[in-house]
Amino acid sequence: MARDSAIPPESFEEILAWLNPDRNVAATMYVQLRHDLAKMFLWGRCADPEGMTDEAFDRVAKKVHDVRPTYEGDPRLYFRAVANNLIKENHKKIKNQLPLEGIDLSGPAISETEDNIAEDIEECLQLCLQKLSIDRRELILAYYVKDKQAKIDHRNDLAQKYGITVETLRVRVFRIRESLANCIRRCLKRKRK
Amino acid sequence: MKEEILTDAVLREFLLGNVNDEEQAQIEGLFLTDSEARERVLVIEQELMEDYLEDSLTAEDRERFLSRYGQTDAQLQQLRITKAIKDWALRENASQTTPASPSLWRRLRASLLLKPAFFAPIAAAAIIAVVVGGIWFNGRMKRAALLRELAQLNSSASLRDVPAQMALLELRPITVRSLEQATEFKKSADVHIVELRLPWIQKESYPSYQAEVRPLSGGDSLIVPNLQAENDGLLIIRMRLFTNELNRGQYQIRLSGIDSGGVVGTTEEYAFIVES
């Protein structure tokens, strides 16, 4: 498994062992944890969630040897604490910068760049939709037949039709959207390379 | 405790940055350590984004939302992708459900009925419609029969038999194969069935799997449900296809895990080329 930051190999192994004694399980947890920390940095309004995630792992790597023997509880919560410190530090750094304002995604594109981004996303979406199974495509289309207020009743009816709860339906549609969104992100990354 | 804090309302407030430090720590802790909680938070986040895009948030929540989700390139990309998916779905639905105006139809029917000269063309059109409809219906019936035969061919009982006129094809997931050429299958007159062996390298295993076999040149996909994985050190899903249903060209297989509730889980992709 490749490392994503400059963590010394012995620290990387120690992090894996801390996450789980089974290396395969630990590797899966490591990947998920990176993903989840990046999401936390996104919530924390950090401009570079991936870079911040690397930084969080680097910091844990420097301390893991000392912390691990005495730390009680799920090690992922230790990562959370480190991530929160990083978010606070980041906020201090950008305190004097002006926030972006006037973002209106529902309005017309206002610049060439914005147009290009929208085109790239649309192209990637079309490619990713080709990989979507018919069942999944039909479900997501049925889910979005109505929007705003009308969608609540419609989704109740749809859940009944599928013989599942609305909760299950929401999760099912979320997974489809998430797999589509991940596919689009990967496609956009490839385009930028 | 977990259920109390993971309500839609609390999670929305959390995502809008409107919870106290203790609640934030609890939710973030669950997000990192509990996969069910993680998914729940992400479902609410998606719905919050949709509400923003539909302009359904209150002015106060909209402001909070933008301060949380409209600040960085990564957040804007997430919003743009959500918007693109939603717009596509609404567009597709609109194009599929645009009805013909009933009043126009009634006017047309009334005027045609008054003119006997139109009876013959209408009768001819009706005959063509019946013939085309018959062909279409026949095609649908044939396809339904084929899918039933495929399901039967892949039942546990049938998979125990090893027919003489069968070829084996070992495929590898596309992610593993990377830039290698897709595996080739050469059709021959004496081979009627091909058994594809699909290794499942995903972390999660499922009680059953469903495969969609799609010709990249176009045409209908074949769906094979209720496939089972066999543990041979590595999980392998065996799927048999009739060779006479395979035409020359490349095929893509999307193999999806189906959990006990019928929910589609992770998917793996494979490809192979048919040569005649």
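Throughout, a residue's number is its position along its own chain's written sequence, starting from 1. For naming, the first written chain is A and the first written ligand is 1, with later ones following in the order written. Selection of residues for local features in this predicted model requires a pLDDT of at least 70, selection of side-chain atom pairs for listing and counting requires 80 or more, and totals for whole chains, interfaces and linings are taken over all residues.

### Some words on the overall build of chain A
Of regular secondary structure, chain A possesses eight helices and zero strands. Numbered from the N terminus, helices here are DSSP runs of H or I no shorter than four residues, and strands are runs of E no shorter than two. In chain A, the succession of helices and strands from N to C terminus is α-α-α-α-α-α-α-α. Think of it as a crowd count around each C-beta: if 20 or more other C-beta atoms lie within 10 Å the residue is buried, if 12 or fewer it is exposed, and in between it is partly exposed, with C-beta placed from the backbone throughout. Across the 193 residues of chain A, 21% fall into the buried class. Placing a C-beta atom from the backbone of each residue, one calls two residues in contact when those atoms lie within 7 Å. Across chain A, the fraction of contacts at a sequence separation of at least 24, relative to all contacts at a separation of at least 6, is 58%.

### A look at the overall build of chain B
Broken down by element type, chain B carries 10 helices and nine strands. Burial analysis of chain B (276 residues in total) assigns 21% to the buried set. Of all intrachain contacts in chain B linking residues separated by at least 6 positions in sequence, the fraction that spans at least 24 positions is 68%.

### A look at the environment of Thr-72 of chain B
Inspection of the secondary structure puts Thr-72 of chain B in the loop between helix H5 (59–69) and helix H6 (73–96). If we skip the residues at most four places from it in the chain, Thr-72 of chain B touches Arg-45, Cys-46 and Ala-47 of chain A.

### Comments concerning the environment of Lys-191 of chain A
Note on placement: Lys-191 of chain A falls in helix H8 (residues 166–192). By C-beta crowding, Lys-191 of chain A is classed as exposed, having 11 other C-beta atoms within 10 Å.

### Here's the deal with the interface of chain A and chain B
Taken together, the 44 residues of chain A in the interface contact 42 residues of chain B. When contributions to the side of chain A that touches chain B are tallied by element, the ones reaching two or more residues are helix H2 (23–43), helix H4 (75–94), helix H5 (112–130), helix H6 (134–143) and H8 of chain A. With nine residues, H8 of chain A is the largest single contributor of residues to the side of chain A that touches chain B. Put simply, Ala, Val, Leu, Ile, Met, Phe, Trp, Tyr, Cys and Pro go in the nonpolar bin, Asp, Glu, Lys and Arg in the charged bin, and everything else, Gly too, in the polar bin. When grouped by side-chain class, the residues that make up the side of chain A that touches chain B number 26 nonpolar, four polar and 14 charged.

### Things to note about the nonpolar core
Counting residues in each nonpolar core, the largest one holds 38 residues, and the members touching the most others are Leu-37, Phe-41, Ala-56 and Ala-83 of chain A together with Val-41 of chain B. Those elements giving two or more residues to this core turn out to be helix H1 (9–19), H2, helix H3 (49–67) and H4 of chain A together with helix H2 (8–15), helix H3 (21–33), helix H4 (35–53) and H5 of chain B. Apart from residues lying up to four places away in sequence, Ala-83 of chain A is in contact with Leu-37, Met-40, Phe-41 and Ala-56 of chain A. Any nonpolar core is a set of buried residues, restricted to Ala, Val, Leu, Ile, Met, Phe, Trp, Tyr and Cys, that join up through C-beta atoms within 7 Å.

### Focus: H4 of chain A
Taking 1.5 Å per residue as the helical rise, H4 of chain A with its 20 residues ought to reach 28 Å, and the 29 Å between its terminal C-alpha atoms agrees with that figure. Those residues of H4 of chain A that are buried are in contact with H1, H2 and H3 of chain A together with H3 of chain B. Every helix has an expected span of 1.5 Å times one less than the residues it contains.

### What about unusual backbone geometry?
Residue and element names in this part refer to chain B. Despite not being glycine, Asp-55 has its phi angle at roughly 60°, a positive value. Turning to its location among the elements, Asp-55 is positioned in the loop between H4 and H5. Of note in this structure, Asn-226 is not a glycine but carries a positive phi near 55°. Position of Asn-226 among the secondary structure elements: in strand S5 (residues 222–227).

### Topic: H1 of chain A
Residue and element names in this part refer to chain A. Those residues of H1 that sit buried are Ile-15, Trp-18 and Leu-19. Seen from one end, H1 has its buried residues packed into an arc of 100°, which puts them on one side. When the buried face of H1 is taken as reference, the exposed residues oriented beyond 90 degrees from it are Pro-9 and Glu-10. In this description, the arc belongs to the directions extending from the helix axis to the C-beta atoms.

### Examining the sheet that holds strand S7 (residues 235–242) of chain B
All names here are of chain B. Pairing in this open sheet of four strands is mixed, and the strands run S1-S3-S7-S6 from one edge to the other. Strand pairing shows two members of the sheet lacking a second neighbour, strand S1 (166–170) and strand S6 (229–231), which therefore form its edges. Each neighbouring strand pair of the sheet contributes to a mean axis angle of 30°, computed without reference to strand direction. Any two strands with at least two DSSP bridges between them are considered paired. Think of each axis as a best-fit line through the C-alpha atoms, taken over the contacting stretch in the case of a helix, with angles from 0 to 180 degrees between the N-to-C directions.

### Looking at the confidence of the model for chain A
Residue and element names in this part refer to chain A. For chain A, per-residue confidence averages 85 on the pLDDT scale, and residues scoring 70 or more make up 88% of the total. For every residue, the predictor assigns a confidence score, pLDDT, that lies between 0 and 100. Per-element confidence in chain A ranges from a low mean pLDDT of 85 for H5 to a high of 94 for H3. Scored below 50 in pLDDT, residues 107–112 makes three contacts in the model with residues more than four places away or belonging to other chains.

### Focus: the packing of H3 of chain A against H4 of chain A
All names here are of chain A. Where H3 meets H4, the axes come as close as 10 Å, and the angle between the chain directions of the two elements is 130°. Taken together, the axes of H3 and H4 lie oblique to each other. Here H3 and H4 pass one another in a crossing that is right-handed. Note on element contacts: H4 touches H3 through Tyr-78, Phe-79, Val-82, Ala-83 and Leu-86, opposite Met-52, Glu-55, Ala-56, Arg-59, Val-60 and Val-67. The scheme is simple: roughly parallel for angles under 35 degrees, roughly antiparallel for over 145, roughly perpendicular for 65 to 115, oblique for anything else. In this scheme the handedness of a crossing depends on how the near helix is turned from the far one: anticlockwise by less than a right angle means left-handed, clockwise means right-handed.

### Quick look at the environment of Ser-158 of chain B
Here Ser-158 of chain B lies in helix H9 (residues 156–160). Considered as a pair, Ser-158 of chain B and Arg-240 of chain B are 82 residues apart in the sequence and their alpha carbons are 9.7 Å apart.

### Focus: the packing of H1 of chain A against H3 of chain A
Residue and element names in this part refer to chain A. Two numbers describe how H1 lies on H3: the axes approach to 9 Å, and their chain directions differ by 70°. Taken together, the axes of H1 and H3 are roughly perpendicular relative to one another. On the side of H1, the interface is formed by Ser-11, Phe-12, Glu-14, Ile-15 and Trp-18, while H3 contributes Val-60, Ala-61, Val-64 and His-65. For the contact of H1 with H3, the residue count by class is six nonpolar, two polar and one charged.

### Quick word on the sheet that holds strand S4 (residues 208–215) of chain B
Residue and element names in this part refer to chain B. Pairing is mixed in the open sheet, where five strands are placed in the order S2-S9-S8-S4-S5. The open sheet is flanked by strand S2 (183–186) and S5, the only strands paired with a single partner. Across the sheet, the mean angle from the axis of one strand to that of its neighbour is 25°, orientation sign disregarded. Relative to strand S8 (residues 249–258), S4 is paired through eight bridges, and the arrangement is antiparallel. Among the inter-strand pairings, Ala-211 is bridged to a residue of S8, identified as Leu-255.

### Here's the deal with the pairing of S7 of chain B
Residue and element names in this part refer to chain B. Sheet analysis places strand S3 (residues 193–200) next to S7, joined by eight bridges and oriented antiparallel. Within S7, the residue paired with Glu-195 across the bridge is Arg-240. Relative to S7, S6 runs antiparallel, the two being bridged by three bridges. Within S7, the residue paired with Glu-230 across the bridge is Ile-236. With antiparallel pairing between neighbouring strands as the criterion, S6 and S7 make up a hairpin whose turn holds three residues, including Gly-233 at a positive phi of roughly 85°.

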